[in-house]
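Structural overview
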Amino acid sequence: MHGRPRKALTREDGKALAAKAAKLRSLQSQFLHFHQNKIYTTEAVEVSAKLLEANPEFYTAWNYRKLAVQNNLASAQSSDSDGSINSILDEELKVAENALKKNYKSYGAWHHRTWVLSKGHSSTDRELRLLNMFQKQDSRNFHAWNYRRFVTALRNISKEEELQFTTDMINDNFSNYSAWHNRSVLLSHLLEEKAQGYSLTQKVLEEEYEFVRNALFTDPDDQSGWFYHLWLLSQTVKHDRPLLLSTWPPNGSDVHVPANCSIEGFAPPRTTTVHSSAVYFPVVLYFSEAVRGVNSTTVTIKVEFDTDSDLKWRPLSANVYGCAQAWVAYINCPDGELHAPKTYPVKLKLGHSQGITSLNGTNYNHLSSIAFKVSMLPSDSIHRENIGKRTSWKDVDVIPYETNHENSSLLDMFFNLSINEGSEATASKWQAEAIASEIAHYRELLSFSNCKIGKLTLARLLIAHDAMISRNSPNASSVVNSEEVLGLYQDLIKMDPAHSEYYKDEYSSVLLKKVTSSRESLLCYCHQYKKSTSTEIGDLICLRLAKLSISRIGSFEKLLWVRLLDLSHNNLQSVEGLEALQLLSHLNLSNNRLSSFTALDPLKFLKSLDVLDISFNEIGAHTVDTRRYLCSSPLSHTSDWNLEELTTSGMKNVNYWEAYSTFKCIGLTELDLRGNAVVNENFRLFVSNLMPKLKWLDGEELH
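Here is a short report on the structure shown in this document. (Residues numbered from 1 in each chain as written. Predicted model: local features only at pLDDT ≥ 70, side-chain atom pairs only at ≥ 80, totals over all residues. Heavy atoms only, no water.)

Turning to the overall build of the chain, a few remarks are in order. Summing up its helical and strand segments, the chain has 20 helices and 19 strands in all. Here the chain, with 703 residues, has 49% of them falling under the buried criterion. (Helix = DSSP H or I, 4+ residues; strand = E, 2+ residues; numbered from the N terminus. Buried < 20%, exposed > 50% of the residue type's maximum accessible area, 1.4 Å probe, protein only.)

This is the structure in structure tokens:
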């Protein structure tokens with residue numbers, strides 16, 4: 001463990017271990033007899049003490065001692081003997097101390113000591129002396145640091161005093177992860193409480209940057225200080241409260257919806273407005289971080305035609321905590337025949353009443369207003385040409401989107417958003433100056449030390465600097481440093497292969513920010529179908545992000561308008577985040593690294609998804625796909641599937657539970673699965689039975 005080579009046991013060592021094991025088995029046998037029969041005599045408790053001294057990780061023995069203490073305390077309290085109570089608890093502290101001398105990183109021993117001390121009958125002076133002893137043996141022992149926080153809270157030792165203690169420990173040995181961590185915990189509380197001397201965040205953080213810089217420049221390869229620097233950076237750039245980044249429909253847009261027209265076969269007319277192709281349309285709110293509490297009370301809506309004004313907002317996430325970065329509600333369109341277009345105004349407001357909160361409890365309090373129009377179109381104005389043609393993703397069938405095309409005005413709405421009535425969140429001057437100063441320092445460091453974590457920190461600083469520019473000047477480019485950042489991540493992929501997947505994800509995130517940084521940049525990736533290919537979707541923008549080597553997708557706040565998306569020939573292993581694109585109807589994920597159907601779980605939220613290409617991935621190629629356990633299993637208590645339906649539909653569907661769980665919620669008309677190991681004739685039959693609307697499967701028309 002930890003790089004220490006194992007040594008072969010000598011004959012004498014082997015005999016000693018065998019004798020120790022025999023003694024341990026004997027103690028365990030006696031202990032379990034006492035535990036099962038709830039015997040708490042002095043002899044029985046002494047056996048558990050001997051067992052824990054030999055093996056401090058025997059958690060059942062610690063739990064037994066708690067039961068014994070409670071039993072003996074009840075007897076002592078009935079006789080009103082304070083001396084007996086103190087004697088019982090002191091004995092527990094002694095047993096825990098002996099166990100810690102055997103293994104000073106024993107979870108059970110530290111938890112038991114905390115439990116005993118919480119009874120309130122023991123001296124904390126003794127605990128501080130014990131902590132000093134253990135922290136001299138190992139100053140980075142995080143068990144001791146956790147216990148120290150507990151003890152200092154009991155003694156009401158000031159945070160300022162403890163902060164000085166971390167300073168002394170770091171000065172003694174700056175390679176002390178636990179001391180740096182405890183420093184961040186203490187400073188977080190002091191800044192939040194605005195304690196005396198800590199009311200000015202700027203002053204405190206500037207001093208801390210200088211403090212940690214001394215450690216980093218002394219030994220750039222020691223990682224402990226770098227982690228603290230990352231925490232300082234997060235404190236410098238963080239938003240105090242969640243922000244509303246974008247919405248669908250965007251403010252000032254005009255949504256065209258066909259009256260009495262189903263989603264199938266709708267082709268929007270040529271117009272400069274935004275289109276929806278169903279008898280309902282989604283309203284999406286996209287925040288800067290995951291929030292909870294979005295409901296009809298915190299978000300008010302005024303709409304003439306939808307009598308159900310209390311919209312049901314849903315988090316676009318599969319987690320069980322009721323929080324998400326993107327939220328959606330569906331507005332129903334009016335019934336009845338229309339003979340002429342009719343327009344209705346819609347207005348949403350949020351921030352006027354509290355209730356929307358981030359995961360750390362901060363409230364969304366920006367007064368925001370989103371206004372758009374809904375234009376109902378007569379059914380006879382809807383084009384229905386070339387219905388039934390298979391979708392093509394070939395290069396020869398698309399052309400670059402015309403930058404002066406009338407529909408390109410849609411993009412302008414997302415790059416000129418104005419949704420907040422209150423003041424915008426801006427970065428202060430000191431924040432921008434602090435980031436710029438750190439960039440200069442770490443460029444200097446890298447001039448004489450080619451350390452990988454220095455490169456990573458510089459990349460993070462440059463990203464933060466771009467974010468500052470964007471917050472202070474929304475119309476300014478937010479990717480000033482993107483080329484340098486991309487270069488740093490490329491260097492890191494080569495320097496540190498063990499963490500290359502992480503660097504590739506970060507590279508992908510920066511690249512997509514660059515792509516979506518401006519209308520002009522994004523239009524370079526926008527295409528449209530040739531008229532001879534399909535008049536059904538010919539006027540829609542197809543966003544082609546293929547062959548970019550991206551391993552993670554992001555920047556969704558700029559992509560809520562997308563209906564046709566090509567992500568083929570990349571390195572994607574997940575599609576997390578796509579659930580925010582509620583208009584998405586055509587999606588190409590071919591030639592990626594998707595290894596299971598559970599990786600497609602976010603697609604369950606896409607009601608408009610009609611065409612899906614996941615050909616030539618790795619689905620079924622891995623005997624054990626550990627990544628599936630990052631997703632909720634259909635067998636979990638959160639599942640809403642019908643097990644009887646799964647096992648009695650004439651096929652052995654239980655073999656395809658992942659596919660069943662994913663595709664049962666999606667009404668596809670086209671699906672391409674070719675090139676995946678899971679695909680065979682039985683599976684194709686299973687899929688065609690599962691999705692009755694399916695017209696094309698693996699490039700072949702179904703009859």
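In terms of nonpolar packing, the biggest core is built from 112 residues, with Ile-614, Phe-663 and Leu-671 touching the most fellow members. The residues contacting Leu-671, other than those within four sequence positions of it, are Leu-612, Ile-614, Phe-663, Val-687, Met-691, Leu-694, Trp-696, Leu-697 and Asp-698. (Core = buried A, V, L, I, M, F, W, Y, C linked by side-chain atoms within 4.5 Å. Contact = heavy atoms within 4.5 Å.)

Another aspect to go through is the packing of helix 7 (residues 142-155) against helix 8 (residues 159-172). Each pair of packed helices can be described by the angle between their axes along with the distance between the axes. The contact between helix 7 and helix 8 brings their axes to 12 Å, and the two run at 155°. In terms of their interaxial angle, helix 7 and helix 8 are classed as roughly antiparallel. When the axes of helix 7 and helix 8 are compared, the crossing they make is right-handed. Residues Trp-145, Arg-148 and Thr-152 of helix 7 touch helix 8, and the partners they reach there are Glu-162, Phe-165, Thr-166 and Met-169. Residue composition of the contact of helix 7 with helix 8, grouped by class: three nonpolar, two polar and two charged. (Axes fitted to C-alpha atoms, helices over the stretch in contact; angles between N-to-C directions. Parallel < 35°, antiparallel > 145°, perpendicular 65-115°, else oblique. Left-handed = near helix turned anticlockwise from the far one by under 90°. Nonpolar A, V, L, I, M, F, W, Y, C, P; charged D, E, K, R; others polar.)

Moving on, we get to helix 20 (residues 681-690). Of all the positions in helix 20, only Phe-683, Arg-684, Phe-686, Val-687 and Leu-690 are classed as buried. On an axial view of helix 20, the arc spanned by its buried residues comes to 160°, and they lie on one face. Structural note: helix 20 exposes Glu-681 and Asn-689 on the side pointing more than 90 degrees away from its buried face. Elements in contact with the buried residues of helix 20: helix 19 (657-663), strand 17 (670-672), strand 18 (696-697) and strand 19 (700-701). Residue Asn-680 occupies the N-cap position of helix 20, its side-chain oxygen lying 3.1 Å from the main-chain nitrogen of Asn-682. (Arc of directions from axis to C-beta. Polar contact = N/O pair within 3.5 Å; in protein donor to acceptor, adjacent residues only side chain to side chain.)

Right, let's talk about the packing of aromatic side chains for a bit. Scanning all chains against the criterion turns up 24 aromatic pairs. Consider the rings of Phe-31 and Phe-58, whose centres lie 5.6 Å apart with planes at 80°: the pair is edge-to-face. Residue Phe-31 is found in helix 1 (residues 11-36), and its partner Phe-58 is found in the loop between helix 2 (42-54) and helix 3 (59-78); the two are separated by 27 residues along the sequence. Of the two residues, Phe-31 and Phe-58, neither departs from the other in class, the shared state being buried. Pairing Tyr-656 with Phe-686 gives two aromatic rings, centres 5.0 Å apart and planes at 40°, and the pair type is tilted. Residue Tyr-656 is found in the loop between helix 18 (643-647) and helix 19, and its partner Phe-686 is found in helix 20; the two are separated by 30 residues along the sequence. (Phe/Tyr/Trp six-rings, centres within 6.5 Å; stacked < 30°, edge-to-face > 60°.)

Our next topic: the environment of Ser-317. Residue placement: Ser-317 occurs in the loop between strand 6 (314-315) and strand 7 (324-332). Taking relative accessible area as the criterion, Ser-317 reaches 23% and is therefore assigned partly exposed. What Ser-317 contacts, discounting residues up to four positions off in sequence, is Cys-323, Ala-324 and Phe-605.

The N-to-C vectors of helix 11 (residues 224-237) and helix 13 (residues 429-448) enclose an angle of 155°; their axes lie 10 Å apart at closest approach. The pairing of helix 11 with helix 13 is recorded here as roughly antiparallel in orientation. In this structure, helix 11 meets helix 13 at a crossing whose hand is left-handed. The residues of helix 13 that touch helix 11, namely those facing Trp-226, His-229, Leu-233, Thr-236 and Val-237, are Trp-430, Gln-431, Ile-435, Glu-438, Tyr-442 and Leu-445. Taken together, the residues that form the contact of helix 11 with helix 13 break down as seven nonpolar, three polar and one charged.

The two faces of strand 12 (residues 526-529) match: Cys-526 and Gln-528 on one face and His-527 and Tyr-529 on the other face are all buried. Sheet topology places strand 11 (residues 398-400) next to strand 12; three bridges connect them, and they run antiparallel. Note on strand 12: the bridge partner recorded for Pro-400 is His-527. (Pairing = 2+ DSSP bridges.)

Cis geometry marks the peptide bond from Trp-248 to Pro-249, where omega comes out at -10°. Mapping Pro-249 onto the fold places it in the loop between strand 1 (244-248) and strand 2 (254-258). Positive phi outside glycine occurs at Ser-555, with the angle close to 55°. Here Ser-555 is to be found in the loop between strand 13 (542-544) and strand 14 (564-566). In this model, Asn-591 sits at a positive phi of 55°, which is unusual for a non-glycine residue. Inspection of the secondary structure puts Asn-591 in the loop between strand 15 (586-588) and strand 16 (611-613). Look at Asn-591 and you get partly exposed, because its relative accessible area is 29%.

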